[in-house]
Each structure stands twice: as structure tokens, then as C-alpha cells.
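Structural features, examined
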Amino acid sequence: MPGAGLDHSSTQSLGIGAAIIDAGKAGLLALGLAVPILALRTETNLENQLILRERWDYVAIAVAVAFFGRLVYLMIPARRAAPKARSLTFNGSGIARAVAIIGLALLIVYPFLMLLLVGKAASLKWIDNFGIQILIYVMLGWGLNIVVGLAGLLDLGYVAFYAVGAYSYALLAANEPIKQFMADMIGPSFWPLWAFWICLPVAGILSAFWGIILGFPVLRLRGDYLAIVTLAFGEIIRMVLINWIDVTNGYAGISGIPRPSFFGIPFNASDSGFSAIFGLEFTPLYRTIFLFYLILGLALLTNWATLRLRRLPVGRAWEALREDEIACRSLGINTTNTKLTAFAIGAGFGGFAGAFFAARQNFISPESFTFMESAIILAIVVLGGMGSQIGVAIAAVAMIGGTEILRELDWLKHVFGASFDPVQYRMLIFGLAMVLVMIWRPRGLISTRYPSIYLKERKSVSGDLVKEGHG
Amino acid sequence: MATQREREPLLEVEHLMMQFGGLVAINDLSFSARRGDITAIIGPNGAGKTTVFNCITGFYKPSSGRILLSSEGSATPSDIDVLTRSGRRSMAAAAGRIYLLERMPDFEIASQAKVARTFQNIRLFTGMTVLENLIVAQHNTLMRASGWTVLGMFGAGSYYRAEARAVDLARYWLDRIGLLDRADVAAGDLPYGDQRRLEIARAMCTEPVLLCLDEPAAGLNPRESATLNALLKSIQSEHKTSILLIEHDMSVVMEISDHVVVLEYGTKISDGPPSYVRNDPKVVAAYLGVEDDEVALAGVGIAP
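Residues numbered from 1 in each chain as written. Chains lettered and ligands numbered in written order. Predicted model: local features only at pLDDT ≥ 70, side-chain atom pairs only at ≥ 80, totals over all residues. Heavy atoms only, no water.

A few points about the confidence of the model for chain B
All names here are of chain B. Averaged over chain B, the pLDDT score is 85; the fraction of residues at 70 or greater is 92%. When pLDDT is averaged over each helix and strand of chain B, the minimum, 49, is found for helix H13 (residues 293-302) and the maximum, 94, for helix H4 (residues 130-136). Between residues 1-5, whose pLDDT stays under 50, and residues either more than four places distant or in other chains, the model counts 5 contacts. At the level of chain-chain contacts, confidence expressed as ipTM amounts to 0.87, with global pTM at 0.84. (pLDDT = per-residue confidence, 0-100. Helix = DSSP H or I, 4+ residues; strand = E, 2+ residues; numbered from the N terminus. Contact = heavy atoms within 4.5 Å.)

As C-alpha cells, then:
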């Protein structure tokens, strides 16, 4: 917890004078940063000449924000006592349980709730952009949580497995020879209808396989070194996708990926389509709703598997590995296999999510699998509290939902002018949110750990005792 | 108490050599630890005691030498010869399985040869509960019971029965170290002395034939030291576990050990029962450089 100790010692004994001095320092720091960044800006004028525009008002605002922000932070002593008290309220597993049950119930009724609230046309956006998008990231967060949160292996290239899953599905399902072969063997309608259900497990298995491939070279690495190599692995996969044009079609991506069917019934306007068979009026909404429940099911499968694995020896070995690798080896635990299973299972769930993503988008390109995605997924895990399933879900809702909400804030244009686009401030807000969470809840939103087995009473373990792992 | 069979050597270290670059940490060390004995390795700081431990438990690969463990009965010289020449790690001899530890990776030494160890600076899983620490120690048994996770995923009853047995074993050891009512507390929340005993209990949960303790009494007060002595004595008498320990606290060493090996600068300078070692002029000289053995041995306990 860097900084926390300093805050405790400096603020409790601080008077107003000292607080002002401290805030003054923050203001000076802001001034030092703002002058080179904000004060001067080069622009081209109408005669196409470079001119220097001075923006001292911006500098003044930045310094004022830093000064008063620090002052307010220092003057509210209650805030610093808060983290302890708040983590105490989370100690009863009852609250977490209640949140989980209510959340799940809300998710199950969500598509119909949206239909009811905003109507057919508008609900498409809410189910697709919010519901499905968030659930994909919940699933990715839970998958990465196995690697980072449980096994303590810092993986900055998780998006690679997402990409492997997506491309595995796309290349298999949209593959002409396979389609032709299946048409000859079973019938022309078989492959387009069932490709998703056959390729989904295949994509997961291929991803898990790539997880093991990555796992082998990095077994001996720990901490920062592991992070760098996994990051490089993510980039290698992306570079291969971009440059192996014969197979992946490069930047242009793969289109015409078969969409999932309702267990063999397509979502189209034909007589054998979903709407006709169930006697409903045709609308693309049904597919979206189905996709929503599909990703919900996949995410819940991830969660179920993780919770189950935590209670099995392999899951306990992951957590023990995060706590102390040397002690693990002294107890006869094969740490090589333990790490590889963590990589493989985490990657497998990433692959499932990738296959779903490809099927939902109908089109994929390397653009979707940049390092930024890895960073967002990792941020979700860290913000949520490493190892905490419910924390990761909350963080995914906040981060991905928050981004999407920014698109909805058109009224801000009335405040800041028509050229103001709130989505542009996404990363700024992310950064700020990260800093705030790390100040107030340095171990993530839910930092307590629940033991996987107990004799008399399930007591939560304070996050301060739980190690973060060194890879 | 000890029958002839129990007094056979369990662990035989022969011509062990460990070099780190130009530094010779252990030089041609040979000693043996007998079955059922408590064998102590003592010596001044930097004598190479922990290095010997790390070689035995596989955390270091010795530069040369042989570390033989005969888990059940004593192997004949010809068996040992056959195994050494074969290039294999272990083999079934007439008297039981024998292992060449210097050829095995650390986790196999723990899981197959059944050598457990503790650490000088306690290495518990601090964020896991006391009970979880003891369950993790039974990883390999539970892993088999869970069908390498596959059966366990589908909730096989055999796994839950194995887990219940594992909890029973953990409960037994918690009772032995007096931590039964703290089973659900995080290991990192325990006081230092309890953590030391928990680490021993965790090692015992692997059901070892040889328990290697690296300074188990370090940082304990005299009362905790006495409890530790009693615990180690009872492990010796009630379980089929022999003990090898490094210790600076002479009250522990002299009271409980059957056999003492003294190291200085990586070389063995004395080897024998405590009463012999205590009076060995070389040992006294190594520790304090004076002749008065009473002062010497009392002094070691205070300022090692």
C-alpha cells in the first residue's frame, strides 16, 4: 500500500497551516507540470503559419484544482478512517451473497426489463452495447482472475487468448473447405447452423493450448519479467494476425462469420427461422436477446468453474503459489503443472469469450485485440480486487458500462459546447478512477478473501495478509 | 526404545560438495542420519548448515556427492551401486525404495522421497487460513482423490471423502500444536511462536519419513522452546518420522538430539552423540576459541 502509511502519519497530526503548505506543494507540482503541457500550444493559423497560443487560464485552473483538491483531501479526516470500517462491513459474506443474488436476478430479467422500459427499437442498444458488452468483459475478467487473482501470475497479454478464440472460431466456421465437406457429409444447412456450437469448445481448447505454449517459456520468470514476456506474447499474436494475410486476411479481417443458431434454428425471417417456428413476428431483437443469455451462461460457467476449482486441490495450489512458491515446492506441489493449468484454464475461458465475440460481431480484425484490451481487462481485475469474483463483476460493470454511458451524455454538449465529446475523456476518467480507488481501496473494491474450507466458522481474511504473487 | 532396525541409516550424505562460483560452501561432507533419530546439525553462522538442507531438499543441486535416502530398510551396498550406475533417481531395493536425492527436483523429494522441511524465515501461506495451510500440504493425496481435478469438478463423492480425511489429519495436527480453536484464522494473524509450530504441523501433514527443521527454535522464548522440544520428542516417539534439524539454541540441541554433526566453514569437524560433541575440543574452539566448554556452550545459545 504505497502512500497509505504516509497519509496516516502526515494527516492525523496536520493543522490547517500544515495542510495549506502541503496543498501549496501540490499546487507547485501541478504548476510545474502544467506549464510545459498546457501553457503553450502551437497552432496553424489561416495563412498556414505556426503560431504560439498561450493558455495561462488553463494552467491556473489546473493549479487551483490541484491545490484545493489536496486541501479538501487533507481536511477530511473521516475519510482516512473509512477504509478499515468499510472493509469490516464487507466481512459478512451475507452482503456479498445478497449482491450476487440480486445482481443475477437483475441480469436474468434485464432484456425484458429493457424491452418494457424503452421499447423494442431502443432496447437493442441497451441489451447489445450494455448487456452483452459488459458480460463479455465480466467473463474475460473472471478468466484473467484465475491467472492473476488466484495464481498470482501477472499476465499483460491476456487479449492474445481472446484473439486466438475469436480467430479459431472465425477461421473454422467461415472456412469454405470445411463447409463444403460438411455439406457433402451431412447436408448443406448443417455447418452454418451448428458451426458455433461445434467450434465454441474447439476455440476454448485451442486457446487453452496456446496458454500452455505461452506458459512453458515463462515458467521460470517472475513478477515484472513475466509481465513483460506476456505483454510481448500478446503483441506477437496480434502481429501474426496482421501479417499472415493468406490466413487471417490481415487488417481487412474476416467477415461473414456464421452467427450462432438457437440450437439449430436460425434467427432469420425464413419459414424455418426462430420467429416463424415460435409464432413470433420477425425482429432481429430475438437474436440479440439470445446472445445476451448465451454470454450470461458462458460467464456463469466461468464463475461456477472458478468457484469449484478454488475448492479443489488445484485451486488451493494456485492460491498457495501466489502466497509462496518455495513453500509450495517444499510440500511436493509441482509448481510447473500448477502454473500451466492456471494459464491453460484462464486462457480457455478467454477463448470461449473470443469465439462468442466473433460470432456476435460477425466480423473480426486485429483492431479488436490491441494491448489496450489487455490493459482494460487487467484493470477490471485489479479494481475489483484480485481473486474476488463479485468485485471483478462490479468493476466490469463500472468500467465498461461507464464507457458506454459516456456516449449517452449528450446533454453535456449543452454545457460545454457542441464540439464536446464525452467519449474522448474516457481514458482521463479511467485514470482518475484508478487513482481514487488505489487511494481509498488499495487492494481493490473487495479485498477480503474467503477461505475455501473451514472447520467452525468462515472468517474472511483481510486483504493485507493476502499476497499479490510474484509470478 | 530403538530397535536395531530403527537404528539403520535413513539418510546418507557422502562426499557432498557445493560450490557457488569460487566459493566452496560445503566441502566433502559425509554424515548419516539414522532412522528414528533426531539428528542435529550445528555450527557457527555461515558454516553451510542451511546449504546442506537446501541440497538435501533439492532447492540446490550439489556440485558433487551422493545423498541417499532409504525410506524403509537399509539398502545393501550393491543396491546403491546399481542405482548410482543406472542414472535413475530411485529404485525398489529388497529392503524398500531407495532414492538418490541429488538427482531429484525439489517437489519430487517432498512428494516421492517424503522429505519435508521448514524454513529459517517462516514460509507460511499467510493469506490462507491455518486449516487451508494444512490442506494444501496434502495436495498430492487430494489431487489423486480428485482424479486430477476432473472427477472433483463433477463433485465425485470420493473426493469429498478424501477431503474429510485430510481435514481429520489437519485437525489431529492442530490439536497437537494447540491451535485447534484457531483453525479458521489467517496464518499471518498468528503470533510468531504459533507460526513456527504451524509450519512444523504443515510439514508433518505431508506424512514425511524425514522432517528437516531449519532453526525451529529461533525467536522462541524459553517456554515456547520447551513446548517445541516436547513436540519434536513426541513426533519422534509416535510417528515414523525421523528428524534432521539445524539449531543454534543449545538447550534444544543437547536435550533432544540423539546425534550431532558439527560444521565449520563447510567441513565437518565433529560427529557423535551430544555428550561427545559437547566435550570435543574442536567444537569448543570453533564456537568460542576457548577451552571452557561450559562457557562455550552456554554462550552459543545466547549469541550464536
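What follows continues from the structure just given.
Description of the sheet that holds strand S5 (residues 90-93) of chain B
Residue and element names in this part refer to chain B. On the basis of which strands lie adjacent, the open sheet formed by 5 strands has the order S2-S1-S4-S6-S5 and antiparallel pairing. Either end of the sheet is taken by a strand with one partner, and the two such strands are strand S2 (23-34) and S5. With strand direction ignored, the average angle separating the axes of adjacent strands in the sheet is 15°. Here helix H1 (residues 49-56) sits on the sheet in contact with strand S1 (9-20), S2 and strand S4 (64-70), set at roughly 65° to S2. Across the face of the sheet, helix H2 (residues 77-86) comes into contact with S4, S5 and strand S6 (96-100) while running at roughly 50° to S6. (Pairing = 2+ DSSP bridges. Axes fitted to C-alpha atoms, helices over the stretch in contact; angles between N-to-C directions.)

Observations regarding the domain arrangement of chain B
Residue and element names in this part refer to chain B. In terms of domain boundaries, chain B breaks down into domain 1 (1-114 + 207-304) and domain 2 (123-206). Taken over C-alpha atoms, the centre of domain 1 sits 27 Å from the centre of domain 2. Facing the 21 residues of domain 1 at the interface are 15 residues of domain 2. Interface of domain 1 and domain 2: buried area, both sides summed, is about 1,400 Å²; carbon and sulfur atoms make up 64% of it. Taken as a group, Glu 207, Leu 231 and His 239 account for 34% of the area that domain 1 buries against domain 2, more than any other trio of residues on that side. (Domains from an automatic or database assignment. Buried area = accessible area lost by both parts, 1.4 Å probe.)

A look at the interface of chain B and chain A
Between chain B and chain A, the residue contacts involve 45 residues of the former and 36 residues of the latter. Both sides together, the interface formed by chain B and chain A hides about 3,500 Å², and carbon and sulfur atoms give 64% of it. It is B:Phe107, B:Met153 and B:Asp184 that lose the most area in chain B upon contact with chain A, and together they represent 19% of the buried surface on that side. Joining chain B to chain A, the criterion identifies 5 salt bridges. Note that A:Arg449 is salt-bridged to B:Glu132, the shortest N-O span being 2.8 Å. Put simply, the parts of the chain that give the side of chain B that touches chain A at least two residues each are helix H3 (106-111), H4, helix H5 (139-145), helix H6 (150-153) and helix H7 (157-176) of chain B. (Salt bridge = Lys/Arg side-chain N within 4 Å of Asp/Glu carboxyl O.)

Let's talk about the environment of A:Pro451
If you trace the backbone, A:Pro451 turns up in the segment after helix H19 (426-440). Setting aside residues no more than four positions away along its own chain, A:Pro451 makes contact with A:Arg310, A:Arg458, A:Lys459, A:Ser460, B:Thr129 and B:Glu132.

Comments concerning the packing of aromatic side chains
Residue and element names in this part refer to chain A. Per the counting criterion, the structure on display carries 21 aromatic pairs over all chains. Both rings, one in Tyr 73 and one in Trp 440, keep their centres 6.5 Å apart while their planes meet at 50°; by these two values the pair is tilted. One end of the pair, Tyr 73, is in helix H3 (residues 56-75); the other, Trp 440, is in helix H19, with 367 residues separating them in the sequence. Its relative accessible area of 11% is what places Tyr 73 among the buried residues. Every member of this aromatic cluster is reached through a ring pair, and the members are Tyr 169, Phe 196, Trp 197, Phe 262 and Phe 290. Taking NZ or CZ as reference, Arg 55 lies 4.7 Å from the ring centre of Tyr 58, over its face. (Phe/Tyr/Trp six-rings, centres within 6.5 Å; stacked < 30°, edge-to-face > 60°. Buried < 20%, exposed > 50% of the residue type's maximum accessible area, 1.4 Å probe, protein only. Lys NZ or Arg CZ within 6 Å of the ring centre and 35° of its normal.)

Quick look at the nonpolar core
One finds B:Leu174 and B:Leu198 to be the most contacted residues of the largest nonpolar core, which totals 164 residues. For this core, the element with the highest residue contribution is helix H5 (residues 93-150) of chain A, accounting for 18 residues. What B:Leu174 contacts, discounting residues up to four positions off in sequence, is A:Leu455, B:Val130, B:Leu131, B:Leu134, B:Leu179, B:Leu180, B:Ala183 and B:Leu198. Counting residues in each nonpolar core, the second largest holds 31 residues, with B:Leu11, B:Ala33, B:Ile56 and B:Ile109 among its members. (Core = buried A, V, L, I, M, F, W, Y, C linked by side-chain atoms within 4.5 Å.)

Some words on the pairing of S5(B)
All names here are of chain B. Here S5 runs beside S6; their pairing, made up of 4 bridges, is antiparallel. The residue of S6 that forms the bridge with Ala 93 is Gly 96. What sits between S5 and S6 in their antiparallel hairpin is a turn of 2 residues.

Observations concerning a positive patch on the surface
Together, A:Lys456, A:Lys459, B:Arg171 and B:Arg182 line one region of the surface with positive charge. Here B:Arg171 shows up in helix H7. Here B:Arg171 falls in the partly exposed class, since its relative accessible area comes to 38%. (Patch = residues over 30% accessible without salt bridge, like charges linked within 9 Å, V, L, I, M, F, W, Y side chains within 5 Å. Areas by Shrake-Rupley, 256 points an atom, 1.4 Å probe, with all protein chains shown as cover. Lys, Arg positive; Asp, Glu negative; His and termini not counted. Charge placed at Lys NZ, Arg CZ, Asp CG, Glu CD.)

Some points on the sheet that holds strand S8 (residues 210-214) of chain B
Residue and element names in this part refer to chain B. Strand order across the open sheet formed by 6 strands is S7-S8-S9-S3-S10-S11, with mixed pairing between neighbours. Lying at the two open borders of the sheet, with one neighbouring strand each, are strand S7 (115-117) and strand S11 (267-272). On average, each strand axis in the sheet is inclined to that of its neighbour by 15°, with strand direction left out of account. Of the pairings in the sheet, the one linking S8 to strand S9 (residues 242-246) comprises 5 bridges and is parallel in character. Note that in S9 the partner of Asp 214 across the bridge is Ile 246. Sitting on the sheet, H1 is in contact with strand S3 (38-42), S7, S8, S9 and strand S10 (259-264), with an inclination near 140° to S9.

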